[in-house]
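These are the residues of each chain, in order.
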Amino acid sequence: VQLQASGGGLVQAGGFLRLSCAASGRTFSSGVMGWFRQAPGKEREFVAAITWSSTYYADSVKGRFTISRDNAKNTVYLQMNSLKPEDTAVYYCARGRGNLYDPKGYDYWGQGTLVTVSS
């Protein structure tokens, strides 16, 4: 079971990035995939999640970020628009097994990709 996150980088405030998370077949079959982020000195926090039919977002990113999936490619995406300096963090994708909003509800994690938003 493997998750490979990519797409992070340095961007100016107001800019955009698209993160990708490529999953092995058995990982993707669970149906629930999520994105979390962790800023220096802070706890890991929920960003977005997607099931086969629904999407969920943290209030802080609602209207700016969009989570989507390509089942044929076993890949989940996080389109991040109107980025703010406070979005700076390492972003992780994960496979969900329980509470969508709690990191404890996920059992497999990608390695993380760093997003840095400059002001």
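Relevant structure appears above.
Remember, predicted model here, so these are calculated numbers, not experimental data.

### Digging into the packing of aromatic side chains
Consideration 1: Tallying each qualifying case throughout the model produces seven aromatic pairs.
Consideration 2: Note on Y56 and Y101: the rings are 6.3 Å apart at their centroids and 85° apart in plane angle, and the pair reads as edge-to-face. In this pair, Y56 sits in strand 6 (residues 55-57) while Y101 sits in the loop between strand 9 (89-96) and strand 10 (106-109), placing the two residues 45 residues apart along the sequence.
Consideration 3: Of the residues examined, Y101 reaches a relative accessible area of 45% and is grouped as partly exposed.
Consideration 4: The ring of Y92 carries R44 above its face, with NZ or CZ at 3.8 Å from the centroid.

### A closer look at the environment of T66
Consideration 1: Tracing the backbone through its elements, the reader meets T66 in strand 7 (residues 65-70).
Consideration 2: Considered as a pair, T66 and L17 are 49 residues apart in the sequence and their alpha carbons are 11 Å apart.
Consideration 3: Setting aside residues up to four positions removed in sequence, T66 forms contacts with Y57, Y77, L78 and Q79.

### As for the sheet that holds strand 8 (residues 75-80)
In a beta sheet, neighbouring strands pair by backbone hydrogen bonds and run either parallel or antiparallel.
Consideration 1: Strand order in the open sheet formed by four strands is 1-3-8-7, with antiparallel pairing between adjacent strands. The open sheet has two edge strands with one neighbour each: strand 1 (3-6) and strand 7. Neighbour-to-neighbour, the strand axes of this sheet turn through a mean angle of 15°, independent of strand direction.

### Points about the state of the cysteines
Consideration 1: Applying the stated criterion across every chain yields a total of one disulfide.
Consideration 2: Each disulfide pairs two cysteine sulfurs, and for C21 the partner residue is C93, the sulfurs being separated by 2.1 Å. A torsion of 65° about the S-S bond marks the disulfide between C21 and C93 as right-handed. Residue C21 is found in strand 3 (residues 17-23), and its partner C93 is found in strand 9; the two are separated by 72 residues along the sequence.
Consideration 3: On the accessibility criterion, C21 (0% relative accessible area) is buried.
Consideration 4: Residue class for C93 comes out buried when judged on its relative accessible area of 1%.

Cut-offs used in this document
Residues numbered from 1 in each chain as written. Predicted model: local features only at pLDDT ≥ 70, side-chain atom pairs only at ≥ 80, totals over all residues. Heavy atoms only, no water. Phe/Tyr/Trp six-rings, centres within 6.5 Å; stacked < 30°, edge-to-face > 60°. Helix = DSSP H or I, 4+ residues; strand = E, 2+ residues; numbered from the N terminus. Buried < 20%, exposed > 50% of the residue type's maximum accessible area, 1.4 Å probe, protein only. Lys NZ or Arg CZ within 6 Å of the ring centre and 35° of its normal. Contact = heavy atoms within 4.5 Å. Pairing = 2+ DSSP bridges. Axes fitted to C-alpha atoms, helices over the stretch in contact; angles between N-to-C directions. Disulfide = S-S within 2.5 Å.

Interpretation in functional terms is not warranted from these geometric data alone.
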